[in-house]
There are 2 protein chains.
Amino acid sequence: MHIYTKEEIAGWERFYRGNFINSVTGFKSVSLIGTSNENGQTNLGIFSSIVHIGSDPALVGYINRPRSAAPHTLANIESTGKYTINHIQPLFLNQAHQTSAKYPEDISEFEAVGLTIQYLNNFQAPFVGESVVKYALALQEVIPITANNTFLVIGKIEFIYLQKDILLPDGFINLHKAETISSNGIDSYYRTMPITRLAYAKPDNKK
Amino acid sequence: MHIYTKEEIAGWERFYRGNFINSVTGFKSVSLIGTSNENGQTNLGIFSSIVHIGSDPALVGYINRPRSAAPHTLANIESTGKYTINHIQPLFLNQAHQTSAKYPEDISEFEAVGLTIQYLNNFQAPFVGESVVKYALALQEVIPITANNTFLVIGKIEFIYLQKDILLPDGFINLHKAETISSNGIDSYYRTMPITRLAYAKPDNKK
């Protein structure tokens, strides 16, 4: 085992440090966020920082980078109040990753990378047609993180669209069966291998 | 494909809804957070909401449930300003999950579940001895999320402790080799299967 101190890390070359710090937090819930602006121009971006905030009400957060680095998704969410989160499956991973390129505002990443724009349930924001688990969000709150000018963007789930055959009798969604992928760092993607589901823990359970 | 609306979801039984909403956000970076109070009483809790906030400075966030539901970890972080995040490997998954039981404040989950308290580099908060990837944090900010009384807790990385043989030449940490697990829902755990690492995306890359 080796200790890497903050002083050592701060002295590293930028991309080396980015790879290191982006991977140390563990496997990530990478997804595609679909939006459109008020003129209906669609946008699609890959985000690896989706985080569960609460179940009742059903709230989901993600971290948006500073406005200067990642302007379109957040601007569209703020102007329309609506967005979609779409899981990524291996069949369209390359296209999903390619949405991280810096396209001009008037280019839709859907078209640029070759993913299908899909509208569901009269919801204003576009879904990814290829995705087999996806959900619609209404903006709840944009919380500025002053330490580095990022934002925690929180949305309320409006509806969820998935294959019925991945939903288990207790409400658990079998994302392994759906082939939803996870990511680590800025460029590494993974399938999953189930280990186990464990019983609700109580203090008197055996070790 | 089937649509589940917010009205339908709101009407479900609580545990069914919890399983559903906790699993729809994707695979999670589950880890153990180690703290101690001002008297040195240690505490260990499992959290599945670790999120990368930024690389320079190196900032990591996690979502803490309302104070009434999960008081000890947040209180210790606020009083000492220090905590540790410890990846979970399959060898001690059962013990890690068992820390989610509601033990009284004067019981250390380390002892209750049988995990080793480890102090490193003169850092005040305890690490999990069994974990092969772990890092120390100094509290940066506790941001209240008013929508459901949860908190985004942000820390600055002080140092990182890991096996040198999982660090690749470009700074990427091979968590698959480390056998770090991910989770989904409230009780399901996974190993990973690498798919690929993809090149930095530029607009003129081929589809």
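Nothing here was measured: the structure is a model prediction, and the numbers come from that model.

Give a description of the environment of Pro 66 of chain B that names residues and reports values.
Residues and elements named next belong to chain B. Its location among the elements puts Pro 66 in the loop between β5 (58-64) and α3 (71-80). Placed 47 residues apart in sequence, Pro 66 and Val 113 show a C-alpha to C-alpha distance of 24 Å. The contacts of Pro 66, once residues within four sequence positions are left out, are Asn 148, Asn 149, Thr 150 and Phe 151.

Could you give me a rundown of α3 of chain B, with the residues and numbers involved?
Residue and element names in this part refer to chain B. Of the positions making up α3, those classed as buried are Thr 73, Leu 74, Asn 76, Ile 77 and Thr 80. Taken down its axis, α3 places every buried residue within 160° of arc, on the same side. Of the residues one or two after α3, Gly 81 is the one with positive phi, at around 75°.

Mind laying out the relation of the copies chain B and chain A, listing which residues take part and the relevant values?
The transformation that overlays chain B on chain A combines an axial shift of 0.0 Å with a rotation of 180°, and the residual RMSD is 0.0 Å. The superposition operator between the copies reduces to a two-fold rotation axis. No C-alpha of chain B approaches the rotation axis more nearly than that of Thr 192 of chain B, which lies at 2.3 Å.

Pulling in residues and values, what's your account of the packing of aromatic side chains?
The relative placement of two aromatic rings is captured by the distance of their centres and the angle of their planes. Evaluated as defined, the whole model comprises 20 aromatic pairs over all chains. Taking the centre distance of 4.9 Å and the plane angle of 75° together, the rings of Phe 27 of chain B and Tyr 190 of chain B count as edge-to-face. Of this pair, Phe 27 of chain B sits in the loop between α2 (14-24) and β2 (31-36) while Tyr 190 of chain B sits in strand β12 (residues 188-197), and the two are 163 residues apart along the sequence. For the pair shown, Phe 27 of chain B and Tyr 190 of chain B are each scored as buried. One aromatic cluster in this structure is built from Tyr 4, Trp 12, Tyr 16 and Phe 20 of chain A. Arg 197 of chain B extends its terminal NZ or CZ atom over the ring of Phe 172 of chain B, reaching a point 4.2 Å from the ring centre.

I'd like to hear about the pattern of salt bridges, residue by residue, with values.
For the structure shown, the criterion picks out 12 salt bridges over all chains. For Lys 6 of chain A, the salt bridge is made with Glu 158 of chain B, and the minimal N-O distance between the two is 3.1 Å. Residue Lys 6 of chain A is found in helix α1 (residues 6-10), and its partner Glu 158 of chain B is found in strand β10 (residues 150-162); the two belong to separate chains. What makes Glu 158 of chain B buried here is its relative accessible area of 18%. Between Arg 191 of chain A and Glu 179 of chain A there is a salt bridge, and its shortest N-O distance comes to 2.9 Å.

Any details on the sheet that holds strand β11 (residues 182-184) of chain B? Residues and values, ideally.
Reading across from one edge, β11(A)-β12(A)-β12(B)-β11(B) is the order of the four strands in this open sheet, with antiparallel pairing throughout. The open sheet is flanked by β11 (182-184) of chain A together with β11 of chain B, the only strands paired with a single partner. Going across the sheet, the axis of each strand differs from the next one's by a mean of 45°, ignoring polarity.

Quick one: what's the story with the side chain of His 97 of chain A, residue by residue and with numbers?
Relative to the elements of secondary structure, His 97 of chain A occurs in helix α4 (residues 93-98). Residues within four places of His 97 of chain A in sequence aside, it is in contact with Ile 46, Ile 186, Asp 187 and Tyr 189 of chain A together with Leu 198, Ala 199 and Ala 201 of chain B.

Would you mind going over the interface of chain B and chain A in detail, with residue names and values included?
With 106 residues of chain B in contact, the opposing surface of chain A contributes 106 residues. Surface buried jointly by chain B and chain A totals about 9,300 Å² across both partners, of which 65% is contributed by carbon and sulfur atoms. Taken as a group, Met 1, Phe 27 and Leu 198 of chain B account for 9% of the area that chain B buries against chain A, more than any other trio of residues on that side. At the surface where chain B touches chain A, the tally comes to six salt bridges. The partner of Asp 187 of chain B in a salt bridge is Arg 197 of chain A, with the nearest N and O atoms 3.0 Å apart. Here chain B and chain A share 38 residue pairs in polar contact (both at pLDDT 80 or more) between them. Looking at the side of chain B that touches chain A residue by residue, the classes come out as 54 nonpolar, 36 polar and 16 charged. Where strand β12 (residues 188-197) of chain A lies against β12 of chain B, nine bridges are found, and the strand directions are antiparallel. Its bridge partner being in β12 of chain B, Tyr 190 of chain A is matched across the sheet by Pro 194 of chain B.

So, how was this worked out
- Residues numbered from 1 in each chain as written.
- Chains lettered and ligands numbered in written order.
- Predicted model: local features only at pLDDT ≥ 70, side-chain atom pairs only at ≥ 80, totals over all residues.
- Heavy atoms only, no water.
- Helix = DSSP H or I, 4+ residues; strand = E, 2+ residues; numbered from the N terminus.
- Contact = heavy atoms within 4.5 Å.
- Buried < 20%, exposed > 50% of the residue type's maximum accessible area, 1.4 Å probe, protein only.
- Arc of directions from axis to C-beta.
- Least-squares fit on C-alpha atoms with pLDDT ≥ 70 in both.
- Phe/Tyr/Trp six-rings, centres within 6.5 Å; stacked < 30°, edge-to-face > 60°.
- Lys NZ or Arg CZ within 6 Å of the ring centre and 35° of its normal.
- Salt bridge = Lys/Arg side-chain N within 4 Å of Asp/Glu carboxyl O.
- Pairing = 2+ DSSP bridges.
- Axes fitted to C-alpha atoms, helices over the stretch in contact; angles between N-to-C directions.
- Buried area = accessible area lost by both parts, 1.4 Å probe.
- Polar contact = N/O pair within 3.5 Å; in protein donor to acceptor, adjacent residues only side chain to side chain.
- Nonpolar A, V, L, I, M, F, W, Y, C, P; charged D, E, K, R; others polar.

The quantities given are spatial measurements derived from coordinates; they are silent on function.
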